[in-house]
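Here is how the chains run, residue by residue.
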Amino acid sequence: MTDPFTKMFQQMLTQGQEMARTFNPALEHFDVKAFEKMFPTMPADMLEMWFGKTFNRDGLDARTRLLVTIAAMTVQGALAEPQMRMTIRHAIQAGATPREIAEVIYQMGMFGGLPAMQKALEIAQGVFTESEGSTQA
């Protein structure tokens with residue numbers, strides 16, 4: 001790799017790591033070194049998309065990104081239940097309230113339909129109940 005590419009690559013990895021920590025504080029010790037063997041085979045524009053301009057703190061904050069993700073998953077029918085649960089937990093950790101999450105899901109009922117909205121609300125309620133139990137323990 002050329003020196004400018006190496007610097008750009010390192011900057012993108014650092015930015016990606018910071019964004020991962022923002023999404024989920026448990027990823028504070030996220031180590032991208034294991035992926036370095038794969039990255040040189042990927043085009044630079046793909047790296048830029050993943051770690052550069054798409055996911056950076058100058059765009060949307062983590063709370064907003066996670067609410068948007070919940071909206072998209074709701075419209076898709078809330079089919080990926082484990083991913084939906086994880087995203088809702090991360091949104092709460094990023095500062096979203098249960099009311100905001102529910103409002104996002106309600107809004108998506110117009111686009112994804114009532115069954116998708118109902119499924120997403122059931123998933124969210126389960127996460128809210130888990131969260132309440134862990135804070136009371």
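What you are looking at is a predicted structure, and each value in this text was computed from that prediction instead of being measured. For every chain, the first residue of the written sequence is number 1, and numbering continues from 1 onward in sequence order. A pLDDT threshold of at least 70 governs which residues receive local features in this predicted model, and a stricter bar of 80 or more applies before side-chain atom pairs are shown or counted, although totals over entire chains, interfaces and linings include all residues. Values shown for side chains rest on all heavy atoms present in the structure; no hydrogens or waters enter the calculation.

Enquirer: I'm lost on the overall build of the protein in this one. Help?
Expert: Secondary structure elements follow DSSP: runs of H or I no shorter than four residues count as helices, runs of E no shorter than two count as strands, and numbering proceeds from the N terminus. Along the backbone of the protein there are six helices and zero strands. Written out in order from the N terminus, the α and β elements of the protein read α-α-α-α-α-α. Accessible area is worked out with a 1.4 Å probe on protein chains only. A residue is then buried under 20% of its type maximum, exposed over 50%, and partly exposed in between. Out of the 137 residues belonging to the protein, those deemed buried represent 32%. Contacts in the protein between residues far apart in sequence, at least 24 positions, make up 66% of those at least 6 positions apart. Roughly 8500 Å² of accessible area belongs to the protein as shown, and the carbon and sulfur atoms make up 60% of that amount. When checking whether two residues touch, look at their non-hydrogen atoms; a contact exists if any pair is within 4.5 Å. Note on areas: these come from Shrake-Rupley sampling with a 1.4 Å probe, and a residue is covered only by the protein chains present in the view.

Enquirer: What's the story with the nonpolar core in this structure? I'm lost.
Expert: In summary, soluble globular proteins display a tendency toward joint burial of nonpolar side chains. By nonpolar core is meant a set of buried Ala, Val, Leu, Ile, Met, Phe, Trp, Tyr and Cys residues that side-chain atoms within 4.5 Å join together. Counting residues in each nonpolar core, the largest one holds 22 residues, and the members touching the most others are Ile 70, Met 84, Ile 88, Ile 101 and Ile 105. Ranked by the residues each element gives to this core, the list is headed by helix 6 (residues 114-136), at seven residues. Every residue in contact with Ile 88, bar those within four places of it in the chain, is listed here: Ile 70, Ile 101, Ile 123, Ala 124, Val 127 and Phe 128.

Enquirer: Whenever I open this one, helix 4 (residues 81-93) confuses me. Can you help?
Expert: In an α-helix, one full turn covers 3.6 residues, which means residues spaced three or four apart are oriented alike. Expected helix span is given by 1.5 Å per residue-to-residue step, counting one fewer step than there are residues. For helix 4, which comprises 13 residues, the first-to-last C-alpha distance of 18 Å matches the rise-based estimate of 18 Å (1.5 Å per residue) to within 8%. Within helix 4 the residues assigned to the buried category are Met 84, Thr 87, Ile 88, His 90 and Ala 91. Angular distribution of buried residues about the axis of helix 4 spans 165 degrees; they occupy a single face of the element. Positive backbone phi, approximately 110 degrees, marks Gly 95, located one or two places after helix 4. Here the arc refers to the directions that run from the helix axis out to each C-beta atom.

Enquirer: Would you take a moment to explain helix 5 (residues 98-112) for this structure?
Expert: Taking 1.5 Å per residue as the helical rise, helix 5 with its 15 residues ought to reach 21 Å, and the 20 Å between its terminal C-alpha atoms agrees with that figure. Every buried residue of helix 5 is accounted for by Ile 101, Ala 102, Val 104, Ile 105, Met 108 and Gly 109. Down the axis of helix 5, the sector holding all buried residues measures 165 degrees, keeping them to one side. Facing away from the buried side of helix 5, by more than 90 degrees, are the exposed residues Arg 99 and Met 110. At the C-terminal side of helix 5, Gly 113 shows a positive phi close to 95 degrees.

Enquirer: Explain the pattern of salt bridges here, please?
Expert: Close approach of charged atoms lets side chains of opposite charge pair. We count a salt bridge whenever a side-chain nitrogen from Lys or Arg sits within 4 Å of a carboxyl oxygen from Asp or Glu. Counted under the stated rule, the structure contains six salt bridges. With its nearest N and O atoms 3.1 Å apart, the salt bridge here joins Glu 81 to Lys 119. Here Glu 81 is found in helix 4, whereas its partner Lys 119 is found in helix 6, with 38 residues between them in sequence. Judged by its relative accessible area of 25%, Glu 81 falls in the partly exposed class. Relative accessible area serves as the criterion here: at 31%, Lys 119 is assigned to the partly exposed category. A salt bridge links Glu 130 to Arg 89; the shortest N-O distance between them is 3.7 Å. Taken as a pair, Glu 130 in helix 6 and Arg 89 in helix 4 lie far apart in primary sequence, 41 residues in all. By relative accessible area, which is 42% here, Glu 130 ends up partly exposed. With relative accessibility at 35%, the residue Arg 89 sits in the partly exposed group. Here the residues in one salt-bridge network are Glu 81, Arg 85, Arg 89, Lys 119 and Glu 130, joined through shared partners.

Enquirer: Hey, could you run me through the side chain of Thr 74 in this one?
Expert: Tracing the chain through its elements places Thr 74 in helix 3 (residues 62-75). With relative accessibility at 0%, the residue Thr 74 sits in the buried group. For Thr 74, the contacting residues outside a window of four places in its chain are Met 84, Ile 105, Met 108, Ala 116, Met 117 and Ala 120.

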